[in-house]
Amino acid sequence: MLAVGGASYSAQAAAEKVFTAKQGEVLYLTLIAEGNPASVQGRFHNRSIPFFKTGRTDEFGALVGIDMADEPAPVGLKAAITYPDGRQERLYRVVVQAEKFRVQSMTLPKEQVEPDADALKRINREQERVKAVLAGLTPERLWAAGFLVPVEGTVTGAFGSKRILNGQTRNQHSGEDIAAPLGAPVKAANDGIVRLMDDQFFSGISVILDHGLGLFTMYFHLDSATVKEGARVKRGDVIGTVGHSGRATGPHLHWAAWLNGSRVNPFSLAKLAFSSPTTKTEP
Ligand SMILES: [Zn+2]
(Lines give C-alpha, C1' and ligand atoms only; values in the text may rest on other atoms or scores of the structure.)
Protein backbone atom coordinates (compact mmCIF):
# COMPACT_ATOMS: atom_id res chain seq x y z
CA MET A 1 0.00 0.00 0.00
CA LEU A 2 1.28 3.39 -0.86
CA ALA A 3 -0.19 6.77 -0.24
CA VAL A 4 1.09 10.18 -0.97
CA GLY A 5 0.28 13.73 -0.02
CA GLY A 6 1.28 16.94 -1.72
CA ALA A 7 1.85 15.33 -5.11
CA SER A 8 0.17 12.99 -7.50
CA TYR A 9 1.18 9.41 -8.11
CA SER A 10 0.29 6.73 -10.55
CA ALA A 11 0.78 3.03 -10.22
CA GLN A 12 2.62 1.24 -12.99
CA ALA A 13 3.96 -2.26 -12.59
CA ALA A 14 2.90 -3.74 -9.27
CA ALA A 15 6.55 -4.03 -8.28
CA GLU A 16 7.30 -0.35 -8.64
CA LYS A 17 5.18 2.66 -7.78
CA VAL A 18 5.88 5.86 -9.63
CA PHE A 19 5.48 9.29 -8.06
CA THR A 20 5.80 12.67 -9.59
CA ALA A 21 6.96 15.68 -7.60
CA LYS A 22 8.25 19.10 -8.41
CA GLN A 23 11.55 20.57 -7.32
CA GLY A 24 11.22 21.72 -3.71
CA GLU A 25 8.26 19.47 -2.87
CA VAL A 26 7.89 17.00 -0.02
CA LEU A 27 6.38 13.56 -0.59
CA TYR A 28 4.81 11.54 2.19
CA LEU A 29 5.29 7.85 1.48
CA THR A 30 3.82 4.99 3.43
CA LEU A 31 4.44 1.28 3.11
CA ILE A 32 3.24 -1.83 4.88
CA ALA A 33 5.94 -4.04 6.37
CA GLU A 34 4.58 -6.97 8.33
CA GLY A 35 6.42 -8.94 10.97
CA ASN A 36 7.73 -6.08 13.10
CA PRO A 37 10.95 -5.11 11.29
CA ALA A 38 13.85 -3.70 13.30
CA SER A 39 14.13 -0.75 10.92
CA VAL A 40 12.91 0.69 7.64
CA GLN A 41 15.43 2.95 5.95
CA GLY A 42 15.15 4.65 2.58
CA ARG A 43 17.69 6.04 0.17
CA PHE A 44 17.02 8.78 -2.37
CA HIS A 45 19.93 10.35 -4.25
CA ASN A 46 22.59 10.26 -1.56
CA ARG A 47 20.14 11.12 1.19
CA SER A 48 19.02 8.74 3.88
CA ILE A 49 15.26 8.67 4.32
CA PRO A 50 14.28 7.43 7.78
CA PHE A 51 10.87 5.76 8.01
CA PHE A 52 8.81 5.94 11.19
CA LYS A 53 5.90 3.93 12.59
CA THR A 54 2.71 5.79 11.73
CA GLY A 55 0.60 4.12 14.41
CA ARG A 56 -1.43 2.06 11.94
CA THR A 57 -0.84 -1.67 11.93
CA ASP A 58 2.43 -2.52 10.14
CA GLU A 59 2.52 0.89 8.47
CA PHE A 60 5.69 2.96 8.11
CA GLY A 61 5.87 6.47 6.71
CA ALA A 62 8.62 8.79 5.53
CA LEU A 63 8.98 12.34 4.31
CA VAL A 64 11.03 12.58 1.12
CA GLY A 65 12.41 15.95 0.11
CA ILE A 66 13.04 16.94 -3.47
CA ASP A 67 15.76 19.59 -3.30
CA MET A 68 14.90 22.77 -5.19
CA ALA A 69 17.96 22.18 -7.37
CA ASP A 70 17.48 18.43 -7.98
CA GLU A 71 17.66 17.75 -11.67
CA PRO A 72 14.31 17.07 -13.36
CA ALA A 73 14.67 13.33 -14.02
CA PRO A 74 13.36 9.98 -12.78
CA VAL A 75 15.17 8.94 -9.60
CA GLY A 76 15.05 5.59 -7.80
CA LEU A 77 14.02 5.43 -4.15
CA LYS A 78 14.97 2.30 -2.28
CA ALA A 79 13.50 1.27 1.07
CA ALA A 80 15.38 -1.39 3.02
CA ILE A 81 13.29 -3.30 5.55
CA THR A 82 15.52 -5.02 8.07
CA TYR A 83 14.43 -8.00 10.19
CA PRO A 84 16.51 -9.81 12.80
CA ASP A 85 16.95 -12.64 10.28
CA GLY A 86 16.97 -10.88 6.95
CA ARG A 87 16.23 -7.94 4.73
CA GLN A 88 13.69 -6.92 2.12
CA GLU A 89 13.87 -4.14 -0.40
CA ARG A 90 11.17 -2.07 -2.03
CA LEU A 91 11.84 0.06 -5.04
CA TYR A 92 10.01 3.21 -6.04
CA ARG A 93 10.56 5.79 -8.69
CA VAL A 94 10.19 9.54 -8.26
CA VAL A 95 9.87 11.55 -11.44
CA VAL A 96 11.21 14.98 -10.53
CA GLN A 97 9.62 17.77 -12.54
CA ALA A 98 11.01 21.23 -13.08
CA GLU A 99 9.42 24.03 -11.07
CA LYS A 100 9.31 27.45 -12.68
CA PHE A 101 11.27 29.63 -10.32
CA ARG A 102 11.16 33.36 -10.70
CA VAL A 103 14.04 35.71 -11.22
CA GLN A 104 14.10 38.55 -8.70
CA SER A 105 16.25 41.63 -9.10
CA MET A 106 16.84 43.65 -5.96
CA THR A 107 18.93 46.63 -4.99
CA LEU A 108 20.35 46.61 -1.48
CA PRO A 109 22.96 48.68 0.38
CA LYS A 110 26.42 47.82 -0.96
CA GLU A 111 27.75 46.55 2.41
CA GLN A 112 24.96 43.93 2.53
CA VAL A 113 25.81 42.58 -0.91
CA GLU A 114 29.59 42.92 -0.75
CA PRO A 115 30.46 42.33 2.92
CA ASP A 116 33.94 43.41 4.06
CA ALA A 117 36.57 40.97 5.36
CA ASP A 118 35.33 41.12 8.97
CA ALA A 119 31.75 40.56 7.94
CA LEU A 120 32.81 37.64 5.71
CA LYS A 121 34.53 36.00 8.69
CA ARG A 122 31.39 36.41 10.72
CA ILE A 123 29.23 35.06 7.87
CA ASN A 124 31.44 31.97 7.50
CA ARG A 125 31.29 31.27 11.24
CA GLU A 126 27.53 31.62 11.23
CA GLN A 127 27.10 29.37 8.20
CA GLU A 128 29.26 26.70 9.85
CA ARG A 129 27.01 26.80 12.90
CA VAL A 130 23.90 26.40 10.79
CA LYS A 131 25.48 23.54 8.85
CA ALA A 132 26.39 21.77 12.10
CA VAL A 133 22.82 22.17 13.38
CA LEU A 134 21.32 20.78 10.17
CA ALA A 135 23.74 17.84 10.21
CA GLY A 136 22.41 16.71 13.60
CA LEU A 137 20.01 13.80 13.58
CA THR A 138 17.42 13.31 16.29
CA PRO A 139 16.52 9.63 15.79
CA GLU A 140 12.82 9.97 16.58
CA ARG A 141 9.88 11.83 15.12
CA LEU A 142 8.96 14.65 17.50
CA TRP A 143 5.69 15.65 15.84
CA ALA A 144 2.31 14.00 15.25
CA ALA A 145 -0.10 16.48 13.67
CA GLY A 146 0.33 18.27 10.35
CA PHE A 147 2.54 21.33 9.91
CA LEU A 148 1.05 24.78 10.26
CA VAL A 149 1.98 28.04 8.55
CA PRO A 150 3.77 30.08 11.25
CA VAL A 151 2.41 33.53 10.51
CA GLU A 152 -0.55 35.11 8.78
CA GLY A 153 0.56 37.30 5.92
CA THR A 154 1.19 37.66 2.24
CA VAL A 155 3.18 34.85 0.68
CA THR A 156 5.52 36.36 -1.86
CA GLY A 157 6.28 33.19 -3.84
CA ALA A 158 10.00 33.73 -3.45
CA PHE A 159 10.90 30.08 -2.79
CA GLY A 160 13.58 28.96 -5.20
CA SER A 161 13.79 32.29 -6.96
CA LYS A 162 17.02 33.14 -8.67
CA ARG A 163 18.23 36.38 -7.19
CA ILE A 164 20.15 39.16 -8.76
CA LEU A 165 21.41 41.53 -6.08
CA ASN A 166 22.80 44.84 -7.31
CA GLY A 167 23.32 43.24 -10.71
CA GLN A 168 25.12 40.13 -9.36
CA THR A 169 23.65 36.63 -9.69
CA ARG A 170 23.29 34.90 -6.30
CA ASN A 171 22.20 31.50 -4.98
CA GLN A 172 18.61 30.40 -5.30
CA HIS A 173 16.49 31.64 -2.42
CA SER A 174 15.96 28.60 -0.21
CA GLY A 175 12.93 29.76 1.78
CA GLU A 176 9.54 31.34 1.35
CA ASP A 177 8.97 34.95 2.40
CA ILE A 178 5.75 35.89 4.19
CA ALA A 179 5.18 39.62 4.46
CA ALA A 180 3.51 40.47 7.78
CA PRO A 181 3.32 43.44 10.14
CA LEU A 182 6.27 44.18 12.39
CA GLY A 183 5.72 42.41 15.72
CA ALA A 184 3.22 39.84 14.46
CA PRO A 185 3.58 36.57 16.41
CA VAL A 186 5.52 33.75 14.73
CA LYS A 187 4.45 30.23 15.69
CA ALA A 188 6.30 26.93 15.69
CA ALA A 189 5.16 24.97 12.62
CA ASN A 190 5.18 21.80 14.69
CA ASP A 191 6.49 20.17 17.86
CA GLY A 192 10.26 20.19 18.11
CA ILE A 193 13.43 21.29 19.87
CA VAL A 194 15.07 24.71 19.45
CA ARG A 195 18.52 23.98 18.00
CA LEU A 196 19.58 27.52 17.13
CA MET A 197 18.74 30.99 18.37
CA ASP A 198 21.19 33.49 17.00
CA ASP A 199 21.51 36.98 15.51
CA GLN A 200 23.19 36.49 12.16
CA PHE A 201 24.51 38.83 9.46
CA PHE A 202 22.15 37.78 6.68
CA SER A 203 19.28 36.06 8.46
CA GLY A 204 19.13 38.40 11.47
CA ILE A 205 17.47 37.04 14.59
CA SER A 206 17.00 33.41 13.66
CA VAL A 207 15.43 30.31 15.14
CA ILE A 208 15.90 26.77 13.86
CA LEU A 209 13.58 24.02 15.10
CA ASP A 210 14.46 20.33 14.94
CA HIS A 211 11.39 18.13 14.36
CA GLY A 212 13.35 14.88 14.42
CA LEU A 213 14.36 12.40 11.71
CA GLY A 214 16.32 15.04 9.80
CA LEU A 215 13.57 17.63 9.43
CA PHE A 216 14.18 21.25 10.45
CA THR A 217 12.19 24.46 10.00
CA MET A 218 13.81 27.90 10.08
CA TYR A 219 12.47 31.33 10.99
CA PHE A 220 14.59 34.33 9.95
CA HIS A 221 14.62 38.16 10.20
CA LEU A 222 12.72 38.09 13.49
CA ASP A 223 12.28 41.24 15.57
CA SER A 224 12.54 39.15 18.71
CA ALA A 225 12.91 35.49 19.61
CA THR A 226 11.29 34.20 22.78
CA VAL A 227 12.81 30.72 22.93
CA LYS A 228 16.15 29.37 24.11
CA GLU A 229 18.37 26.75 22.50
CA GLY A 230 17.52 23.29 23.79
CA ALA A 231 13.92 24.20 24.69
CA ARG A 232 11.04 22.00 23.61
CA VAL A 233 8.27 23.74 21.72
CA LYS A 234 4.78 22.63 20.81
CA ARG A 235 3.03 23.15 17.51
CA GLY A 236 1.57 26.67 17.53
CA ASP A 237 3.73 28.00 20.39
CA VAL A 238 4.86 31.57 19.76
CA ILE A 239 8.65 31.53 19.24
CA GLY A 240 9.16 35.18 18.31
CA THR A 241 7.86 38.12 16.33
CA VAL A 242 8.11 39.27 12.71
CA GLY A 243 10.87 41.77 12.00
CA HIS A 244 13.40 42.85 9.43
CA SER A 245 16.64 42.01 11.22
CA GLY A 246 19.64 41.00 9.09
CA ARG A 247 19.43 41.53 5.36
CA ALA A 248 15.77 42.32 4.78
CA THR A 249 14.03 45.08 2.88
CA GLY A 250 10.95 45.13 5.13
CA PRO A 251 9.20 43.16 7.87
CA HIS A 252 8.60 39.58 6.78
CA LEU A 253 9.19 36.04 7.92
CA HIS A 254 11.66 34.02 5.90
CA TRP A 255 10.39 30.49 6.50
CA ALA A 256 12.50 27.59 5.30
CA ALA A 257 12.64 23.83 5.70
CA TRP A 258 15.52 21.38 5.52
CA LEU A 259 14.78 17.70 5.13
CA ASN A 260 17.66 15.21 5.19
CA GLY A 261 19.88 17.27 2.94
CA SER A 262 17.21 18.80 0.74
CA ARG A 263 15.97 22.39 0.67
CA VAL A 264 12.22 22.12 0.38
CA ASN A 265 9.34 24.56 0.23
CA PRO A 266 7.85 24.72 3.75
CA PHE A 267 4.40 25.24 2.22
CA SER A 268 4.72 21.80 0.68
CA LEU A 269 5.12 20.46 4.23
CA ALA A 270 2.08 22.40 5.42
CA LYS A 271 -0.04 20.88 2.62
CA LEU A 272 0.61 17.30 3.68
CA ALA A 273 -2.29 15.53 5.33
CA PHE A 274 -1.45 12.99 7.99
CA SER A 275 -4.26 10.62 8.71
CA SER A 276 -2.62 8.15 11.05
CA PRO A 277 -4.39 7.44 14.34
CA THR A 278 -1.49 9.07 16.25
CA THR A 279 -2.25 12.36 14.52
CA LYS A 280 -3.81 14.99 16.73
CA THR A 281 -6.76 16.82 15.27
CA GLU A 282 -6.93 20.54 14.59
CA PRO A 283 -8.53 22.51 17.41
ZN1 LIG B 1 13.72 35.16 2.38
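Residues numbered from 1 in each chain as written. Predicted model: local features only at pLDDT ≥ 70, side-chain atom pairs only at ≥ 80, totals over all residues. Heavy atoms only, no water.

A. Expanded view of the sheet that holds strand E10 (residues 103–106). The three strands lie next to each other as E10-E12-E13, forming an open sheet whose pairing is mixed. One side of each edge strand has no neighbouring strand; the edge strands of this open sheet are E10 and strand E13 (168–172). For this sheet the average axis-to-axis angle between neighbouring strands, irrespective of direction, equals 25°. (Pairing = 2+ DSSP bridges. Helix = DSSP H or I, 4+ residues; strand = E, 2+ residues; numbered from the N terminus. Axes fitted to C-alpha atoms, helices over the stretch in contact; angles between N-to-C directions.)

B. Region of interest: empty space enclosed by the protein. By the definition in use, this model includes two cavities of 30 Å³ or more. Lining the largest cavity are Pro50, Phe52, Leu63, Arg141, Trp143, Gly212, Leu213, Leu215, Leu259 and Asn260. Across the lining of the largest cavity, the residue classes tally to seven nonpolar, two polar and one charged. Here the lining of the largest cavity spans two domains, since at least three of its residues come from each of domain 1 (9–97) and domain 2 (103–271). (1 Å grid on protein atoms, 1.4 Å probe; cavity = no way out; pocket = protein on both sides within 12 Å on 5 of 7 lines; lining within 4 Å. Points joined across faces, edges and corners; volume = space filled by probe spheres on them. Nonpolar A, V, L, I, M, F, W, Y, C, P; charged D, E, K, R; others polar. Domains from an automatic or database assignment.)

C. Looking closely at helix H2 (residues 117–135). Between its first and last C-alpha atoms H2 spans 27 Å; for 19 residues at 1.5 Å apiece the expected length is 27 Å, and the two agree. Buried within H2 are the following residues: Ala119, Ile123, Glu126, Val130, Val133 and Leu134. Buried residues of H2 fall within an arc of 90° about the axis and therefore sit on the same side. Every exposed residue of H2 that faces more than 90 degrees away from the buried side is listed here: Ala117, Asp118, Lys121, Arg125, Lys131, Ala132 and Ala135. Buried residues along H2 sit in contact with strand E16 (192–200), strand E17 (204–212), strand E18 (215–225) and strand E21 (252–259). (Expected span 1.5 Å × (residues − 1). Buried < 20%, exposed > 50% of the residue type's maximum accessible area, 1.4 Å probe, protein only. Arc of directions from axis to C-beta. Contact = heavy atoms within 4.5 Å.)

D. Examining the side chain of Glu59 more closely. Locating Glu59 in the fold gives a position in strand E7 (residues 59–65). Here Thr54 takes part through its side chain, which lies 2.6 Å from a polar atom of the side chain of Glu59. Not counting residues up to four positions away in its chain, the partners in contact with Glu59 are Thr30, Leu31, Ile32, Phe52, Lys53 and Thr54. (Polar contact = N/O pair within 3.5 Å; in protein donor to acceptor, adjacent residues only side chain to side chain.)

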